[in-house]
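# Tertiary structure, described
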There are 2 protein chains.
Amino acid sequence: MPAAPLRLGLAGLGTVGIGVVKIVQAEADLIAARAGRAVTITAVSARDRTRNRDADLSSYAWEADPVRLARREDIDVLVEVMGGHDGPARAATEAAIASGKDVVTANKALLAHHGQALAVAAEGVGRVIRFEAAVAGGIPAIKALTEGLAGNRIKRVMGVMNGTCNYILTRMQSAGLPYDQVFEEARQLGYLEADPNLDVGGIDAGHKLSLLAAIAFGTQVSFGAVELEGIGSVSIDDIRLAEDMGYRIKLLGIAQMTGRGLEQRMTPCLVPADSPIGQLQGGTNMVVLEGDSVGQIVLRGAGAGMGPTASAVMADVIDLARGFRVPTFGQPAASLALPQAARSATPAPYYLRMTLIDKPGALAKIATCLGEAGISIDQMRQYGHQGANAPVLIVTHKAAPSDIAHATGRFAATGVLVGQPVAIRIEEV
Amino acid sequence: MPAAPLRLGLAGLGTVGIGVVKIVQAEADLIAARAGRAVTITAVSARDRTRNRDADLSSYAWEADPVRLARREDIDVLVEVMGGHDGPARAATEAAIASGKDVVTANKALLAHHGQALAVAAEGVGRVIRFEAAVAGGIPAIKALTEGLAGNRIKRVMGVMNGTCNYILTRMQSAGLPYDQVFEEARQLGYLEADPNLDVGGIDAGHKLSLLAAIAFGTQVSFGAVELEGIGSVSIDDIRLAEDMGYRIKLLGIAQMTGRGLEQRMTPCLVPADSPIGQLQGGTNMVVLEGDSVGQIVLRGAGAGMGPTASAVMADVIDLARGFRVPTFGQPAASLALPQAARSATPAPYYLRMTLIDKPGALAKIATCLGEAGISIDQMRQYGHQGANAPVLIVTHKAAPSDIAHATGRFAATGVLVGQPVAIRIEEV
């Protein structure tokens, strides 16, 4: 007797939801062969039933309320692709778990805010939450980390995980355009979330980083401890000057466990232009996993879009159909430690840009500030004068973030600076 | 009551086997937390018991015969890291399956030759064979393809999967040294198999490609149908001239399903120098997976060595400890089709290098051969004369392999060629 079909309840019929419908309908035989049983959709839910969705939904039951969908007795798995860290997505997920269903979700915000509580609830009833689609779109990054590298003590995870930010930064660089103009382009192309700060403020990418960090280090998700800095302050000048010194600016997330605790940051930083991350163009995502045995594993692919995100949802669904059940964050939720959050203290080289007034001894005063903070200079470039002022660019040797903050804080008192200095961390990737 | 430990029998105590011992011993707590149960080694087997192995094996039972190891009642999984496509590795694997054990193996040769029969046998007794370590070392490529992309119809898989070949080609390029000299260096560094033809003949990489192809296209492993060409004929001249035109030479494997059947080839070819594959240096491996929904996924990491290979073995072991059982090639062995093997017919641009005697009309005669075969020229470069002869380099537009063979076959009859022409396919990657 063939195994019973795995029955999905699909909450959300936007781009990702319709992508899931298309795969389930078009590739039923392929999926059944691989999963060992059929995967079917029983019922769907979305806000507006009347909208034309370019997919035949006529054989599925309709639920106006996703919570009712989640509780239906004739579904095995809730597929939640509505989004939003509270409201219907959270209510439906909680209802699914409470009624003994597994959950597959693309919702990074939900898990970044409520992942621990949801994981505990799911394990309490012997269910799992899977979220491959929540991080780096179609790249099987969660699977690679949770399963492929399960024999490793993870040393560091990194990622460029917001395609919109990478599109904006790449386009600024290639076209030589300022941030505001490219931001407007991105908005018109429909690349931005309704609240653009989720993208350009680094929040969306920070959500993803916090999920990777939880798995990597066996700690409870702690999105609130991610040092977040968006790309709004990245200037075309810095992009140009960085390129001139062999670097690119990326919104890069890094999580690493240090002796002082867990460092998580999602900030613009410089990376070598010829590194895999430096080479990353447009909306493509990259996740880098570093384990004590495996060394560095680099994963690259589309971070968003109907096909890639639906592909990730289906990977989770097929895993469940195959009977694979791994705890939400790779080990029992009760065993996840509350992480000690640490401000970034790992030393790194820094890129410093400032404008000096054209006066003898100006540069010496800046160099003195650095020297007194124990920071040595690796490279220095002074560019042609702009009127009476001289743009100066310094790359330091490795220095602690606090020393850099201390030194640049003292620049103002020298009286030789025009405006504020810019300091951007250079990451070894 | 905690779940019973998963008990391993480890056949093979070379680099990989000792790597597995080290991880099991050093990370017992981490593995137990992630797997939900302890992973232990019950017994080991190797040829020479007296050899000093830099690991404490005193708590493990010793079996001189790996077949006896495989049959022990006190093991759940045979971990086979001996190598060799027949002999003890095959006998032990068959014995393990016959006595109802799962198998984790790093043995690409064994599976390339006997994968179908072994998969059928394993499924007959409800067991599975897992082989993440057999392909691309520490990169979770088998997992990404079998599970992460399970919702995709796979269009193409590609890989640079023999680190020794990539080391040799990279070193030839960077140091400007001829093949024979770098081959000798690699031998002295211990990078070559006892039979170096397994590496430089493309056989090892071809084994790996045939395993990826079986999963990707739902077909029985058919290593015999892989078009194999090693790197022994790659000249430093071609490496230099390719670089000059913006290309690098790589031993690249490609498998794709076409209307005529399954194309599998592992041959030297040109790729753009700035592509991810073109940028790959030294012993690093890369696997590229292309699915209809997900687009292109690129995976990069160490392809060999103690840590990376043991990491892949442990991923399979932990999956089994977690209770995950997927058929060996991603779907039941009985459902795998016998593939129709197709000689490569997919058109591609070609790089042609030849030496012409310095006579008026010589180049015209070559161009005529190409034109008559329906091949048009994209780029042509004639280099400074060497004595009476002129090296000529041609990059064609896309042409069928058979047309290229036909045209270059006719070059000889023109009487203007010195020696043989070189033709190398240019892959879009």
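Residues numbered from 1 in each chain as written. Chains lettered and ligands numbered in written order. Predicted model: local features only at pLDDT ≥ 70, side-chain atom pairs only at ≥ 80, totals over all residues.

### Digging into the pairing of strand β9 (residues 247-258) of chain B
Residue and element names in this part refer to chain B. Formally: Partly exposed residues are those falling between the two cut-offs: more than 12 but fewer than 20 other C-beta atoms within 10 Å of their own, whereas 20 or more means buried and 12 or fewer means exposed, with C-beta atoms placed from the backbone. For the purposes of this entry, the term helix denotes a DSSP run of H or I that reaches at least four residues, the term strand denotes a run of E that reaches at least two, and both are numbered from the N terminus. When DSSP locates at least two bridges between a pair of strands, those strands are taken to pair.
By the criterion of burial, β9 is predominantly enclosed, with 11 of the 12 residues buried. Of the strand pairs in this sheet, strand β7 (residues 154-160) and β9 are connected by 4 bridges, and their pairing is antiparallel. Looking at β9, one finds that V157 is bridged to A255. As judged from the 12 bridges shared by β9 and strand β10 (residues 261-272), these two strands associate in the antiparallel manner. When the bridges of β10 are listed, Q256 appears paired with E263. The hairpin turn running from β9 into β10, its antiparallel successor, is 2 residues long.

### Remarks on the interface of chain B and chain A
Let me state the cut-off plainly: Here the contact rule is simple: place C-beta atoms from the backbone, and any two residues whose C-beta atoms are within 7 Å are in contact. Gly is placed with the polar residues, together with every amino acid not listed as nonpolar (Ala, Val, Leu, Ile, Met, Phe, Trp, Tyr, Cys and Pro) or charged (Asp, Glu, Lys and Arg).
Between chain B and chain A, the residue contacts involve 44 residues of the former and 44 residues of the latter. When contributions to the side of chain B that touches chain A are tallied by element, the ones reaching two or more residues are α2 (28-35), α6 (141-148), β12 (295-302) and α12 (306-321) of chain B. Here the side of chain B that touches chain A is composed, by residue class, of 21 nonpolar, 15 polar and 8 charged. Both strand β12 (residues 295-302) of chain A and β12(B) contribute to a ladder of 3 bridges, which runs antiparallel. The residue of β12(B) that forms the bridge with V298(A) is R300(B).

### Quick word on the packing of helix α1 (residues 15-26) of chain B against α12(B)
Helices that pack against each other are described as a pair by the angle of their axes relative to one another and the distance between those axes. Residue and element names in this part refer to chain B. The criterion, for reference: A fitted line through C-alpha atoms represents every axis, and for helices the fit uses only the stretch in contact; the resulting angles, taken between N-to-C directions, go from 0 to 180 degrees. Working definition: roughly parallel below 35 degrees, roughly antiparallel above 145 degrees, roughly perpendicular at 65 to 115 degrees, and oblique for all remaining angles. Two helices cross in a left-handed way if the nearer one is turned anticlockwise from the farther one by less than a right angle. They cross in a right-handed way if the turn is clockwise.
One can describe the packing of α1 onto α12 by two numbers: an axis separation of 8 Å at closest approach and a directional angle of 65 degrees. Comparing the axis directions of α1 and α12 gives the class roughly perpendicular. Our pair here, α1 against α12, has a crossing hand that is right-handed. Counting all contacts with α1, which are made through T15, V16, I18, G19, V20 and I23, the residues of α12 involved are M306, G307, T309, A310, V313 and M314. Here the residues of the contact of α1 with α12 are counted per class, giving 8 nonpolar, 4 polar and no charged.

Bear in mind that shape data such as this cannot, by itself, settle questions of function.
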